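# Architecture and fold: a report
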Amino acid sequence: GAKLNDTDKAKVAKINEDLATLFTRFSQNLLAEENSQYIALENETDFDGLPLEIKNAAIAEAKVRKIDALGCIANTRSSIEPFLTFSTRRDLREKAFAIFIKRGDNDNENDNNETLVTILKLRAQKAELLGFSNFAEWSLSNKMAKDPEKTMDLMHSVWKPAVEKVGQDVAAMQKMADAEGDNFKIQPWDYRFYAE
C-alpha cells in the first residue's frame, strides 16, 4: 500500500477501519449467542456418559447462569466438544451440535450473515486497490504458498485421502452402532462419541 496515491491510501485506511469494526461485531455476535444459548440438563439421565469433571462443570455452569436445571452445557467449543465426545444421550448431542454450528446464523439480532457479506465485499475492494484480482491473492502474497492456485493444489492433494479416511471412520462407527442394536445412521453429532 505504500505506493498508493493519497486518495487510495485513504480508501484502504477506511476499509481497514470498517473491517476492524465488522470483525468486532462478528465476535460480539458469537459471544452473545454463546452467552444466551445452552443445553439444559434437566435430570440425572441427561448426564449419562459424562465423566465426573464434565458433569461437575455442567452443574457449576447452571449455577453461574442461574438457570433452573441440574446442569447446562454452554454453547462454547470447550463445553460442546467434550459433551459430544462423552454423552450417551444422542438427542442432546444433536441439540448441542445444532446450536454450536448455528452460532451467528439464527436470523436474529446476533446474525452474522450480513456482516460476513460486507466483510467479503470490503476485502475484495481492498485487494483491488492494492493491485490484486482478489483477496486470496493479496492474503497469500507474503506467505509460503504465494498464490491461491498453489494453496488449492495443496488442499486438493489432501482432500480426497481425507474424505476417504472419514468415510472409513464413519463406516466403522456405523458397524459399532449397528452391533449395539442402534437403528440410526451415523450423523455429525455422533462422530466424536463413536471416535472416542
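Before any of the text, the structure's been laid out above.
This report concerns the structure included in the present document. (Residues numbered from 1 in each chain as written. Predicted model: local features only at pLDDT ≥ 70, side-chain atom pairs only at ≥ 80, totals over all residues. Heavy atoms only, no water.)

Relative to the assigned elements, aspartate 182 resides in the loop between α7 (148-179) and α8 (188-195). Overall, aspartate 182 belongs to the partly exposed group, its relative accessible area being 27%. With 107 residues separating them in the primary sequence, aspartate 182 and asparagine 75 have C-alpha atoms 27 Å apart. Excluding its chain neighbours within four sequence positions, the residues that come into contact with aspartate 182 are Ala177 and Tyr194. Looking at aspartate 182, its side chain comes within polar contact range of the side chain of tyrosine 194, at 3.1 Å. (Helix = DSSP H or I, 4+ residues; strand = E, 2+ residues; numbered from the N terminus. Buried < 20%, exposed > 50% of the residue type's maximum accessible area, 1.4 Å probe, protein only. Contact = heavy atoms within 4.5 Å. Polar contact = N/O pair within 3.5 Å; in protein donor to acceptor, adjacent residues only side chain to side chain.)

Turning our attention to the pattern of salt bridges. Within the structure shown, the criterion is met by 13 salt bridges. A salt bridge links aspartate 169 to lysine 165; the nearest nitrogen and oxygen atoms lie 2.8 Å apart. Of this pair, aspartate 169 and lysine 165 both sit in helix α7, 4 residues apart, which is roughly one turn of that helix. Through salt bridges with shared partners, one network takes in Asp46, Arg89 and Asp91. (Salt bridge = Lys/Arg side-chain N within 4 Å of Asp/Glu carboxyl O.)

This brings us to α7. For α7, built from 32 residues, the straight-helix expectation of 46 Å at 1.5 Å per residue is met to within 8% by its first-to-last C-alpha distance of 45 Å. Maximum bend of α7: about 30°, positioned at tryptophan 159, with proline proline 161 one to four residues after it. For α7, every residue scored as buried is listed here: Pro148, Asp169, Met173, Gln174 and Ala177. Buried residues belonging to α7 abut α6 (135-140) and α8. Downstream of α7 by a residue or two, glycine 181 has a phi angle that is positive, lying close to 85°. (Expected span 1.5 Å × (residues − 1). Bend = angle between axes of the 7 residues up to and from the residue.)

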